[in-house]
Amino acid sequence: MKKVLIIGDCHSENIANENLNKDLDFDLNIYHRPGLRIVGFSNKLNEIKDVFSLIKLQENKYSNSDLIMPWLGHVDILFFLAKHKNAEKVAEYYVKNILKIFSNKKIRFIEPLPQFINTQIFIAPNDRFYDFEERLEQNDLFINSLRNFSNEFNLMPPISQDKFISVLSPIQDLRNWNFKNTYDLLVEEIKDTINFYNMEKE
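Nothing here was measured: the structure is a model prediction, and the numbers come from that model.

### Thoughts on helix H4 (residues 87-101)
With 15 residues, H4 ought to run about 21 Å at 1.5 Å a step, and its terminal C-alpha atoms sit 21 Å apart, in line with that. Turning to H4, its buried residues are Ala-87, Val-90, Ala-91, Tyr-93, Tyr-94, Val-95, Asn-97, Ile-98, Leu-99 and Ile-101.

### Concerning the pairing of strand S1 (residues 3-8)
Across the six residues of S1, five count as buried, placing the element largely inside the fold. Bridging between S1 and strand S2 (residues 27-32) involves six bridges; their strand directions are parallel. The residue bridging Ile-7 from the neighbouring strand is Tyr-31, located in S2. Pairing geometry for S1 and strand S3 (residues 67-71), over five bridges, is parallel. The residue of S3 that forms the bridge with Val-4 is Leu-67.

### Considerations on the packing of aromatic side chains
All chains considered together, the criterion is met by five aromatic pairs. A ring pair is formed by Tyr-94 and Phe-109, whose centres lie 5.1 Å apart and whose planes are at 70 degrees; its orientation type is edge-to-face. Here Tyr-94, found in helix H4, pairs with Phe-109, found in the loop between strand S4 (106-107) and helix H5 (132-152); they are 15 residues apart in sequence, far enough to count as distant. For Tyr-94, a relative accessible area of 0% gives the class buried. Every member of this aromatic cluster is reached through a ring pair, and the members are Tyr-94, Phe-109 and Phe-142.

### Description of the side chain of Gln-115
Inspection of the secondary structure assignment puts Gln-115 in the loop between S4 and H5. Classification of Gln-115 by relative accessible area gives buried; the value is 2%. A polar contact of 3.4 Å, which involves the side chain of Gln-115, links it to the side chain of His-74. Side chain to side chain, Gln-115 and Arg-135 meet in a polar contact 3.1 Å long.

### What to know about the packing of helix H3 (residues 74-84) against H5
Contact pair H3 / H5: the axes reach a minimum separation of 9 Å and the direction vectors enclose 95 degrees. Accordingly, the angle class assigned to the pair H3 and H5 is roughly perpendicular. Taken together, the residues of H5 that come into contact with H3 (itself represented by Ile-77, Leu-78, Leu-81 and Ala-82) are Glu-134, Arg-135, Gln-138, Asn-139 and Phe-142. Classifying every residue of the contact of H3 with H5 gives five nonpolar, two polar and two charged.

Cut-offs used in this document
- Residues numbered from 1 in each chain as written.
- Predicted model: local features only at pLDDT ≥ 70, side-chain atom pairs only at ≥ 80, totals over all residues.
- Heavy atoms only, no water.
- Helix = DSSP H or I, 4+ residues; strand = E, 2+ residues; numbered from the N terminus.
- Expected span 1.5 Å × (residues − 1).
- Buried < 20%, exposed > 50% of the residue type's maximum accessible area, 1.4 Å probe, protein only.
- Pairing = 2+ DSSP bridges.
- Phe/Tyr/Trp six-rings, centres within 6.5 Å; stacked < 30°, edge-to-face > 60°.
- Polar contact = N/O pair within 3.5 Å; in protein donor to acceptor, adjacent residues only side chain to side chain.
- Axes fitted to C-alpha atoms, helices over the stretch in contact; angles between N-to-C directions.
- Parallel < 35°, antiparallel > 145°, perpendicular 65-115°, else oblique.
- Contact = heavy atoms within 4.5 Å.
- Nonpolar A, V, L, I, M, F, W, Y, C, P; charged D, E, K, R; others polar.

Right under this line is the structure:
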């Protein structure tokens, strides 16, 4: 049985609570941490203790996994990319570091959850709230770069935001999110990924 690991932020925890591993023909684990992001408050990428430092410290959680599915970027877009205007650079940093850390694993990226119109539930006292249009611009740049880099490195195309939107309707408010529908979507996408990489034959 193939072992699959999703790495994400707090929304991954909600998915992990939905019948995890029930009647699946693969072993699914979800590593989640609230607020997990690719980079931090600085746009100097080489100075940041970021998700990759954390991943390296958690090697026991993924060393036996066959398929790694990173699901990050939502928090970066929400708080930071609209400020630094560096979505494409962050996407490149993200992909190249994931491929370096998991050089002996199969990889498929999951595009970040779409930016919701109402995100006030996330805002801490010292955070600036960026308008939806500001976030959407960086969101689109980020996912386009993620798709391009996946193609460049011969990876399966990422699971797209459009597929999440189809099960998240309405998109205006995260509090309307249907976790069960999202879980079911991910399960089907994982099956497709295992077939794409011919992992059953390995």
